[in-house]
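Chain residues, written in single-letter form:
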Amino acid sequence: MELANYVRTGLIIMATILYYILLSIFTIVSFIPFSLLFFATVAFDKERVILHAASRLWSYGIFRICPFWHIRIEGKEKIDREKPSIIITNHQSMLDIPLMYVLPTTFKWVSKKEVQKMPIFGWVLRMHGDIAIERGSRDSAKQMIEKCSERIARGTSVIIFPEGTRTKTGNIGHFKDGAFFAAQHAGTGIQPVVIDGTWSLIDGWKLRMPHTFRVRILDPLSSEYVASKQARELAAEMETRMRNELTEMRNETKKTK
């Protein structure tokens, strides 16, 4: 039994190293045609719909490089592609961003300015026309809310992490008000999405294999309901609801093991 565990650990280490190598090559190679596509379409594709489709393929590739990983999506029918909304989701790791490209709609991210300065990954966010926000700046927060309204008015949804930062425990943290002020200012609804699996993927530096990433799309809040509440009320309500949903998802996962 002990020998079998050593062998299994050795295989996981080798598979992890191989994945990191392949991911680096895949990212660099993919960035070249992506950049060319940006320059070829930027003049007429204002909402970067074509780039979004390319990013969806790129994101799938990040997960498909490893044949032992699976993505489980629930509730896709709850997204109304004809009605842009503020999409909120919990934040477990950097992999949350490519994972959310499974959503069947075009969207923009609200991300911290420092993230958009990252090589390749940040450059892609900037080419997308995603919305940058400076942490701790009220002026930047106001500008973010205005830009969200502009995107919504043009028919494009916006994704915001209401926690404002990645979890340090794997659980859902305190929700800030910004995403809910943005929805009220834009006069739109809120689409909650709960994800799980990106936090638990890494064990030390080794990757878990096999592994499943889950994306559960919840019932949306209508624009009328959003307008009828205080932003703080909405934040507290969605924080509780999404925490309960994450607990349920994890209980379901335990039962299947």
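The residue numbers shown here count from 1 along each chain, following its written sequence. Owing to the predicted nature of the model, reporting of local features is limited to residues with pLDDT of at least 70; listing and counting of side-chain atom pairs is limited to 80 or more, with chain, interface and lining totals taken over all residues. Side-chain metrics in this entry use all non-hydrogen atoms of the structure; hydrogen atoms and water are not considered.

What follows concerns the nonpolar core. Grouped burial of nonpolar side chains is what soluble globular proteins tend to show. Throughout this description, the term nonpolar core refers to a set of buried Ala, Val, Leu, Ile, Met, Phe, Trp, Tyr and Cys residues connected via side-chain atoms within 4.5 Å. The buried label applies to any residue whose accessible area, calculated with a 1.4 Å probe on protein chains only, is under 20% of its type's maximum; exposed applies above 50%, and partly exposed to all values in between. One finds Phe 63, Trp 69, Met 100, Leu 103, Trp 109 and Val 193 to be the most contacted residues of the largest nonpolar core, which totals 38 residues. What counts as a helix is a DSSP run of H or I of at least four residues, what counts as a strand is a run of E of at least two, and both are numbered from the N terminus. Going through the elements one at a time, helix H1 (2–41), helix H2 (49–64), strand S1 (69–74), helix H3 (96–99), strand S3 (107–112), helix H4 (121–128), strand S6 (190–196) and strand S9 (211–217) are the ones with two or more residues in this core. Sorting elements by how many residues they give to this core places H2 first, with 5 residues. Ignoring anything within four residues of it in the chain, the contact list for Val 193 reads Ile 87, Ile 88, Thr 89, Asn 90, Met 100, Leu 103, Val 215, Arg 216, Ile 217 and Met 242. Counting 29 residues, the second-largest nonpolar core is a separate cluster that includes Ile 86, Ile 172, Ala 182 and Ala 231. The contact definition used throughout considers only heavy atoms, calling two residues in contact when any of these lie within 4.5 Å.

Aromatic contacts are taken between Phe, Tyr and Trp rings whose centres are within 6.5 Å, Trp giving its six-membered ring; a plane angle under 30 degrees counts as stacked, one over 60 as edge-to-face, and the others as tilted. For the coordinates displayed, the defined rule picks out 10 aromatic pairs. Between Tyr 19 and Trp 69, the aromatic rings sit 4.7 Å apart at their centres with planes inclined by 55 degrees, giving tilted as the arrangement. With Tyr 19 in helix H1 and Trp 69 in strand S1, this pair connects stretches of sequence that are 50 residues apart. A relative accessible area of 3% means that Trp 69 is categorised as buried.

As a further point, take the layout of surface pockets. In this approach the atoms are scanned with a rolling probe the size of a water molecule, which exposes any empty space left behind. Method remark: on a 1 Å grid restricted to protein atoms, a set of points is classed as a cavity if a 1.4 Å probe fits but cannot get out and as a pocket if it is open with protein on both sides within 12 Å along at least five of seven lines; lining residues have an atom within 4 Å of a point. Grid points are joined across faces, edges and corners, and a volume is the space filled by probe spheres set on the points. The space that makes up the largest pocket amounts to roughly 790 Å³. Within the residue set of the lining of the largest pocket, elements represented by two or more residues are S3, helix H5 (138–153) and helix H6 (178–186). For the lining of the largest pocket, the leading source of residues is H5, giving 5 residues. Split into classes, the residues belonging to the lining of the largest pocket amount to 14 nonpolar, 7 polar and 10 charged. Throughout, the ten residues Ala, Val, Leu, Ile, Met, Phe, Trp, Tyr, Cys and Pro are labelled nonpolar, Asp, Glu, Lys and Arg are labelled charged, and all others, Gly among them, are labelled polar.

Here we take up the environment of Met 249. Following the sequence through the fold, Met 249 ends up in helix H8 (residues 231–256). Note on Met 249: relative accessible area 1%, which makes it buried. Sequence separation between Met 249 and Glu 114 is 135 residues; the distance between their C-alpha atoms is 32 Å. For Met 249, the contacting residues outside a window of four places in its chain are Val 194, Asp 196, Arg 214 and Arg 216.

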